[in-house]
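Report on the structure
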Amino acid sequence: MEVIITLFAVIAWILVFPFVRFFIKRVSFYIRLSRACKKLDAKCYGTKFMWLFSTRHSQTCDFYVEMYDVVYSVKFFESIIEDTEIKFINAMTYSVENFRWCVCLYRWMSLKPKVHKLPKYNFEYKIKNEFITKNIVPIMIILPLPRFYKIQQSGYSDLELSDGTVVSDTYTIYSGKGFLKQISDQQTI
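Right, let's walk through the structure included here. Values in this document were obtained by computation on a predicted structure and should not be read as measured data. (Residues numbered from 1 in each chain as written. Predicted model: local features only at pLDDT ≥ 70, side-chain atom pairs only at ≥ 80, totals over all residues. Heavy atoms only, no water.)

1. Overview of the pairing of strand β11 (residues 171-175)
Selection rule: In this scheme, a residue with accessible area under 20% of its type's maximum is buried, one over 50% is exposed, and one in between is partly exposed, where area comes from a 1.4 Å probe on protein chains only. Helix and strand assignments come from DSSP, with helices taken as H or I runs of at least 4 residues and strands as E runs of at least 2, each series counted from the N terminus. For two strands to be treated as a pair, DSSP must find at least two bridges joining them.
Across the five residues of β11, five count as buried, placing the element largely inside the fold. Residues Y171, I173 and S175 point to one face of β11 and T172 and Y174 to the other, with burial holding for every one of them. Pairing analysis gives four bridges linking strand β7 (residues 135-142) to β11, with the strands arranged parallel. By the bridge assignment, I139 is partnered in β11 with T172. Direction of pairing for strand β10 (residues 165-167) relative to β11: antiparallel, over a ladder of three bridges. Among the inter-strand pairings, V167 is bridged to a residue of β11, identified as Y171.

This is how it looks when you write it as structure tokens:
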């Protein structure tokens, strides 16, 4: 009986762990963002209830960071399972391949991963009137990060994304740490 209970506990932890990781990463990001905003005299405005736990499927931006001359309009993009590969094909489509052994199996069997459509994000959702005079920069933060995230280039091999990569002149992609570094550097310029 104890073995069965232990087995159920292990299985439950395996199933719940990705969501615990998601929660911890987002709360940790919020704490670091609050400290950075306080230090830089910037303001952070959420656009909806529970904006910190928003997913890629909502069509509106999640929060704004108001700096002296620029406003970052931020949308979260998540990877619940760490061992995934996310590939942005263009500004409106992406593919997700879960688990590396599946990726190897897909390639061995010449299968294509399923392509998902991103909704057209409204990066000016609930924008304040005083933001209109400032430069509004659309940002997508991938948090928690997958193991691999790439952008597909036509005629070339896939390019590993790094902080500050612009996707189809639509939005700029950052990790959580990369975005915090960006707003810290922005203030000093």
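2. Some words on the environment of F123
Here is the rule: Contacts are assigned to residue pairs that have any heavy atoms within 4.5 Å of one another.
Tracing the chain through its elements places F123 in the loop between β6 (115-117) and β7. It is 8.6 Å that separates the C-alpha atoms of F123 and I139, two residues lying 16 residues apart in sequence. The contacts of F123, once residues within four sequence positions are left out, are C61, Y64, S73, K75, P138, I139 and Y171.

3. Structural notes on the packing of aromatic side chains
Just so we agree on the cut-off: Stacked, tilted and edge-to-face are the three classes assigned to paired rings of Phe, Tyr and Trp, where Trp is represented by its six-membered ring and a pair needs centres within 6.5 Å; plane angles under 30 degrees give stacked, over 60 edge-to-face, the rest tilted.
According to the stated counting rule, one finds 10 aromatic pairs in the structure shown. On the numbers, 5.9 Å between centres and 80 degrees between planes, the contact of F29 with F76 is edge-to-face. One end of the pair, F29, is in helix α1 (residues 2-40); the other, F76, is in strand β3 (residues 70-77), and 47 residues separate them in sequence. Comparing F29 with F76, the two get one shared label, buried. Here Y72 and F179 contribute two aromatic rings whose centre-to-centre distance is 5.5 Å and whose plane-to-plane angle is 85 degrees, an arrangement assigned as edge-to-face. With a gap of 107 residues between them, Y72 in strand β3 and F179 in helix α3 (residues 176-188) connect regions that are remote in the sequence. The pair Y72 / F179 is uniform in exposure class, with both members buried. Following the ring pairs from residue to residue traces out a cluster consisting of F29, Y30, W51, F63 and F76.

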